[in-house]
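If you want the building blocks of each chain, they are given just below.
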Amino acid sequence: MREFTVRAGRRRAIRLPALVWLTVVWMLLWDRPTVGNLLSGLVLAVLLQLAFPLPPVGPQLRLRPLGLAAFALRAAADLLHSAGPLAWQAAGGRGRAKRNSVIAVPLRTRSDLILTVMAISLSATPGTLVLDVRHSDATLFLHVLGAADDAAVAKARRDVQALERRTVRAFGTRDDLRALAEDRS
Amino acid sequence: MRTAFTAAFLLLGAGASLSAGLGLLRLPDLFTRMHAATKSQAVGLLLVLIGVGIRFPTIEVLTSLALVALLQIITVPVAAHLVGRAAFRTGHVDRALLHVDELERALEPPGDG
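Residues numbered from 1 in each chain as written. Chains lettered and ligands numbered in written order. Predicted model: local features only at pLDDT ≥ 70, side-chain atom pairs only at ≥ 80, totals over all residues. Heavy atoms only, no water.

- By the naming in an unreviewed UniProt entry, chain B is Monovalent cation/H(+) antiporter subunit G, taken from Actinomadura montaniterrae.

- Looking at an unreviewed UniProt entry, chain A carries the name Na+/H+ antiporter subunit E, with the source organism given as Actinomadura montaniterrae.
- Note on chain A: under the UniProt heading Sequence similarities (unreviewed entry), the record states "Belongs to the CPA3 antiporters (TC 2.A.63) subunit E family."
- Within the UniProt record for chain A, the comment given under Subcellular location (unreviewed entry) is "Cell membrane". (UniProt positions renumbered as here; feature names shortened; annotations may be inferred.)

1. So, the overall build of chain B
Now for step 1: If you tally the helices and strands in chain B, you get 4 helices and 1 strand.
Now for step 2: Sequence-ordered secondary structure for chain B, helices as α and strands as β, is α-α-α-β-α.
Now for step 3: The long-range fraction of contacts in chain B, counting pairs at least 24 apart against all pairs at least 6 apart in sequence, stands at 59%.
Now for step 4: When the accessible surface of chain B is summed, it comes to about 6,000 Å², and 71% of that surface belongs to carbon and sulfur atoms. (Helix = DSSP H or I, 4+ residues; strand = E, 2+ residues; numbered from the N terminus. Contact = heavy atoms within 4.5 Å. Areas by Shrake-Rupley, 256 points an atom, 1.4 Å probe, with all protein chains shown as cover.)

2. What to know about the environment of A:Leu22
All names here are of chain A.
Now for step 1: In this structure, Leu 22 sits in helix α2 (residues 16-29).
Now for step 2: Sequence separation between Leu 22 and Val 46 is 24 residues; the distance between their C-alpha atoms is 9.0 Å.
Now for step 3: If near-sequence neighbours (up to four positions away) are discounted, Leu 22 is found in contact with Ala 45, Leu 48 and Gln 49.

3. Looking at the pairing of strand β3 (residues 139-144) of chain A
Residues and elements named next belong to chain A.
Now for step 1: Burial analysis of β3 places 6 of its 6 residues in the buried class, which makes it a mostly covered element.
Now for step 2: Neither face of β3 is left uncovered, since the one carrying Thr 139, Phe 141 and His 143 and the one carrying Leu 140, Leu 142 and Val 144 both have all their residues buried.
Now for step 3: Where strand β1 (residues 100-106) meets β3, 6 bridges bridge the pair, whose relative direction is antiparallel. For Ile 103, the partnering residue across the bridge sits in β3 and is Leu 142.
Now for step 4: Examined bridge by bridge, strand β2 (residues 128-134) and β3 share 6 bridges and lie antiparallel to one another. (Buried < 20%, exposed > 50% of the residue type's maximum accessible area, 1.4 Å probe, protein only. Pairing = 2+ DSSP bridges.)

4. Notes on the pattern of salt bridges
Now for step 1: Within this structure, the stated rule accounts for 6 salt bridges over all chains.
Now for step 2: For the salt bridge of B:Arg89 with A:Asp132, the shortest nitrogen-to-oxygen distance reads 2.6 Å. In this pair, B:Arg89 is assigned in helix α3 (residues 59-89) and A:Asp132 in strand β2, connecting two distinct chains.
Now for step 3: Across the pair A:Arg134 and A:Asp137 runs a salt bridge, and its minimum N-O distance is 3.0 Å.
Now for step 4: When salt bridges with common partners are traced through the structure, they connect A:Asp132, B:Arg85 and B:Arg89 into a single cluster. (Salt bridge = Lys/Arg side-chain N within 4 Å of Asp/Glu carboxyl O.)

5. Focus on the nonpolar core
Residues and elements named next belong to chain A.
Now for step 1: Formed by 25 residues in total, the largest nonpolar core has its most connected members in Ile 103, Met 118, Leu 122, Leu 140 and Leu 142.
Now for step 2: Of all elements in the fold, only β1, α5 (112-124), β3 and α6 (150-171) reach the threshold of two or more residues within this core.
Now for step 3: Per element, the largest residue contribution to this core is 7 residues, and it comes from α6.
Now for step 4: When near neighbours in sequence (up to four residues on either side) are disregarded, Met 118 contacts Leu 107, Leu 140, Val 160, Leu 163, Glu 164 and Thr 167. (Core = buried A, V, L, I, M, F, W, Y, C linked by side-chain atoms within 4.5 Å.)

6. Some remarks on the environment of B:Ala80
Now for step 1: Mapped onto the fold, B:Ala80 is located in helix α3.
Now for step 2: Along the backbone, B:Ala80 and B:Met34 are 46 residues apart, and their C-alpha atoms lie at a distance of 6.9 Å.
Now for step 3: B:Ala80 has contacts with A:Leu129, B:Met34 and B:Thr38, leaving out every residue within four places of it along the chain.

7. A short note on the confidence of the model for chain B
Any region with low pLDDT has predicted coordinates that should not be read closely.
Now for step 1: Mean pLDDT over chain B works out to 82, with 92% of the residues at or above the 70 mark.
Now for step 2: Per-element averaging of pLDDT across chain B places helix α4 (residues 102-107) of chain B at the bottom with 72 and helix α1 (residues 2-26) of chain B at the top with 87. (pLDDT = per-residue confidence, 0-100.)

8. Concerning the confidence of the model for chain A
All names here are of chain A.
Now for step 1: For chain A, per-residue confidence averages 78 on the pLDDT scale, and residues scoring 70 or more make up 81% of the total.
Now for step 2: Model confidence for chain A, summarised as mean pLDDT per element, is weakest for helix α1 (residues 2-9) at 47 and strongest for helix α3 (residues 35-51) at 90.
Now for step 3: In the model, residues 1-6 has pLDDT below 50 throughout and makes 1 contact with residues more than four positions away in sequence or in other chains.

9. Some points on α2(A)
Now for step 1: With 14 residues, α2(A) should cover 20 Å at 1.5 Å per step; its first-to-last C-alpha distance of 20 Å lies within 8% of that length.
Now for step 2: Along α2(A), the residues classified as buried are A:Leu19, A:Thr23, A:Val25 and A:Met27.
Now for step 3: In this structure, the buried residues of α2(A) make contact with α3 of chain A together with α3 of chain B.
Now for step 4: Just downstream of α2(A) lies A:Asp31, where phi reads positive at about 70 degrees. (Expected span 1.5 Å × (residues − 1).)

Below is the structure:
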């Protein structure tokens, strides 16, 4: 039954965002933008989408410039930061290795795109690693480095929810923003 | 001046990659090692790319570097996620190193999934 719905969801269609994205990647691969690259990229993008149909991705992604800037700055800072504490732990050796935790964080938004962006940025955040995703209620399962007591676990949960807020403010649709606001009241 | 910046970024990147390698050797279990393999390694590569970009700031090089960085950022979490998921479900978990384990509880009732 489930298999049926998955297959029915895949439709052969040319989608503009995917067309632009594939063409841009093609042109980047060829070093310099020329008319020939542009045309061959467009042809290739159309062929690829016909050959490998994908299920439609729910509601569209919004780009909110202010939220996006805040999100990007924080992500860059986190990425640089994430190399530090770990290097220290590695240098400290086995004896000093702290205990860690695997925590479940339910998200307040149900968007696949928000989930994807969050999973990617969590991988760049210091000390967190996405182990599993439960799609039915949008729950992320994370491995948190150094979360050896309940306070640290609670803090990790708060951090992830703060990341969700930043992500929704950068990419979320109006529905996502509403889901976030309702939870706070 | 530019050479100095290039050298600084390349060395920092090499250092981060080295710490990723050390982490792989010295950290106690698969999950902590994956932290090293994904994060330190990604930071190391990005720093090296920035260094190369400063040394050769032409459009051809910069677009290629941007593509490498982008694909790295997008694919590393996917790979890490698959390894982590597989490891957890096949029991490669050292429970002594975990304070809380909420995934094990979630996986227990097989009829619910």
